[in-house]
Amino acid sequence: MFSKSQISVIAAVGFVIMWSSGFIGARLGTAEASSMTVLMWRFIVASLILASWWLWKHRKKLSIKSVITQALIGLFAQGVYLYGVFLSVENGVSAGTSNLITTLQPIAAAALAGPLLKESTSLKQWSGLLLGIAGVLFVVYGDLGTSSQVPLWAYGLSFLAMMSLVFATLFEKTRKNTVSIIDALPIQTLISALLFSIIAFSTGKASPPITVEFWGAVAWVAVLSTIGGYGFYWWNLKLGSITRVSSLLYLTPPVTMIWSFLMFGDRIGLLTIMGMLLCLLGVWVIKKDVPEAGYQRELNNKGCGING
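Residues numbered from 1 in each chain as written. Predicted model: local features only at pLDDT ≥ 70, side-chain atom pairs only at ≥ 80, totals over all residues. Heavy atoms only, no water.

Participant: Before we go on, may I ask you to explain the overall build of the chain in this structure?
Facilitator: In terms of regular secondary structure, the chain is built from 13 helices and two strands. When the 308 residues of the chain are sorted by exposure, 52% land in the buried category. Residue pairs at least 24 apart in sequence account for 91% of intrachain contacts in the chain once pairs closer than 6 positions are excluded. Accessible surface, the chain: about 14200 Å² in total, of which carbon and sulfur atoms supply 70%. (Helix = DSSP H or I, 4+ residues; strand = E, 2+ residues; numbered from the N terminus. Buried < 20%, exposed > 50% of the residue type's maximum accessible area, 1.4 Å probe, protein only. Contact = heavy atoms within 4.5 Å. Areas by Shrake-Rupley, 256 points an atom, 1.4 Å probe, with all protein chains shown as cover.)

And the structure:
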C-alpha cells in the first residue's frame with residue numbers, strides 16, 4: 001500500500017512523462033501524415049479503447065448533467081487546446097514558440113484560481129512559477145520563431161489553446177459532484193474524436209496512410225499521450241491545487257528534450273540543461289510551499305475521482 005506522499009510522486013512523475021510523450025508522438029505521426037489526420041485517428045483509437053474498457057468493467061449510469069460537463073471539459077482541454085497548438089504551428093509559429101506560449105498556463109491558472117476558486121498563491125509559489133517560466137524560456141530559446149512573415153493571429157492561436165486548457169481546468173475544479181476518471185475520460189475523448197473527425201473530413205484529411213509507422217505513432221499518442229497524459233493530469237488535479245498541478249507542466253519541455261535525445265539523437269545544449277535545472281527548482285519551490293497537512297486532507301476528502 002502506497003502512502004499519500006508516494007501516490008502524489010507517482011501521479012506527478014506519470015503525468016510529466018505521459019504529457020511529454022505527446023510531442024514525440026506528434027513528431028512521429030506528422031512524418032507520415034498531416035497533423036489533422038493524426039489527431040483524428042489518435043482520438044478515435046483512444047475512444048475505442050476507453051469505451052471498450054468502460055463497457056467491460058464499469059458501465060456506471062451517469063446523469064445527463066455529468067455527461068454534458070465532461071463533454072465540455074474534453075472539448076476545451078483536448079479539442080480546442082490541441083487544435084489551437086497544431087493550427088498555430090501549421091501557420092508558421094515555431095514549435096518552440098508555441099510551446100513557450102502554452103507553458104504560460106501555470107501563471108494564468110494561478111492568477112485566476114485566487115479570485116475564482118479562492119485558492120491562495122503565496123509569494124514563494126509565484127517565485128517558483130516565475131523560475132519555471134525562465135527555465136522554459138532557456139529550453140526553447142533556440143527554437144523561438146523570429147520570422148516577420150508569421151501573422152500575429154497565428155500566435156494568438158497558441159494563446160487561445162493555453163487559455164482553453166486553463167478554462168477546462170478551472171471549470172473542472174468548480175464542479176461539486178464526483179465522476180471517476182474511468183467515466184470521465186471516455187466522454188472527453190469521444191467529443192474530441194467527433195470534433196477532429198468533422199474537421200478532417202471537411203478538409204479532406206481523414207484518410208490515413210497504411211503504414212506501420214503511422215499506426216505505431218497513432219497507438220503511441222492514443223495510449224500514452226491521450227489516455228495516460230490526460231488521465232494523470234486530472235488525477236493530479238484531484239490530489240492538489242491548480243497551482244501545484246499546473247507547475248508540473250514546466251517539466252514537460254525538458255523531459256521532451258530528453259525523449260528527443262534518446263529517440264532521435266537531438267542535441268541537448270548548455271541552455272537546455274540550465275533550463276531544466278531552473279524548471280526543477282521552480283517546481284520544487286512550489287511543492288515545498290504546499291502545506292502537507294492540507295494536501296493530505298485533499299487526498300482523504302477527494303480520492304481519485306474527477307469533478308462532474
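There's plenty left to go through after this.
Participant: What should I look at first to understand the side chain of threonine 252 in this one?
Facilitator: Note on placement: threonine 252 falls in helix α11 (residues 252–264). There is a polar contact of 2.6 Å between the side chain of threonine 252 and the backbone oxygen of leucine 249. In this structure threonine 252 touches Val16, Trp19 and Ser20, once residues within four positions along its chain are discounted. (Polar contact = N/O pair within 3.5 Å; in protein donor to acceptor, adjacent residues only side chain to side chain.)

Participant: Would you mind showing me how to read helix α9 (residues 212–239) here?
Facilitator: The periodicity of an α-helix, 3.6 residues per turn, causes residues three or four places apart in sequence to face the same way. Given a rise of 1.5 Å per residue, 28 residues ought to cover 40 Å, and the 38 Å separating the end C-alpha atoms of α9 matches this to within 8%. Valine 221 marks the point of greatest bend in α9, at about 25°. In terms of burial, α9 is largely enclosed, as 21 of its 28 residues are buried. (Expected span 1.5 Å × (residues − 1). Bend = angle between axes of the 7 residues up to and from the residue.)

Participant: Looking at this structure, I do not really get the nonpolar core. What am I missing?
Facilitator: The nonpolar side chains of soluble globular proteins are, as a tendency, buried together. If you look at the biggest cluster of nonpolar residues, it comprises 63 residues, and the most contacted ones within it are Phe15, Trp19, Tyr81, Leu82, Phe196, Tyr230 and Trp234. Looking at this core element by element, the count peaks at eleven residues for α9. Look past the residues within four positions of phenylalanine 196 in its chain and what remains in contact with it is Met36, Leu39, Met40, Phe43, Gln78, Gly79, Leu82 and Tyr83. (Core = buried A, V, L, I, M, F, W, Y, C linked by side-chain atoms within 4.5 Å.)

Participant: Which parts of the structure should I look at to understand the packing of helix α5 (residues 105–117) against helix α7 (residues 152–174)?
Facilitator: A pair of packed helices can be characterised by two numbers: the angle between their axes and the separation between those axes. For the pair α5 and α7, interaxial distance at closest approach is 10 Å and the crossing angle is 35°. Seen from above, α5 lies across α7 with right-handed handedness. Across the interface between the two elements, Gln105, Ala108, Ala109, Leu112, Ala113, Leu116 and Leu117 from α5 touch Met162, Met163, Leu165, Val166, Thr169, Leu170, Lys173 and Thr174 from α7. Its residues assigned to classes, the contact of α5 with α7 shows eleven nonpolar, three polar and one charged. (Axes fitted to C-alpha atoms, helices over the stretch in contact; angles between N-to-C directions. Left-handed = near helix turned anticlockwise from the far one by under 90°. Nonpolar A, V, L, I, M, F, W, Y, C, P; charged D, E, K, R; others polar.)

Participant: Please clarify how the packing of aromatic side chains should be interpreted in this entry.
Facilitator: Two numbers describe a pair of aromatic rings. These are the distance of the centres and the angle of the planes. For the coordinates displayed, the defined rule picks out 15 aromatic pairs. On the basis of an interplanar angle of 75° and a centroid distance of 5.5 Å, the ring pair of tryptophan 41 and tryptophan 215 is categorised as edge-to-face. Of this pair, tryptophan 41 sits in helix α2 (residues 35–58) while tryptophan 215 is found in helix α9, placing the two residues 174 residues apart along the sequence. An aromatic cluster is built from Phe15, Trp19, Tyr81, Tyr230, Tyr233 and Trp234, whose rings are joined through pairwise contacts. Directly above the aromatic system of phenylalanine 264 lies the positively charged group of arginine 27, at a separation of 4.0 Å from the ring centroid. (Phe/Tyr/Trp six-rings, centres within 6.5 Å; stacked < 30°, edge-to-face > 60°. Lys NZ or Arg CZ within 6 Å of the ring centre and 35° of its normal.)

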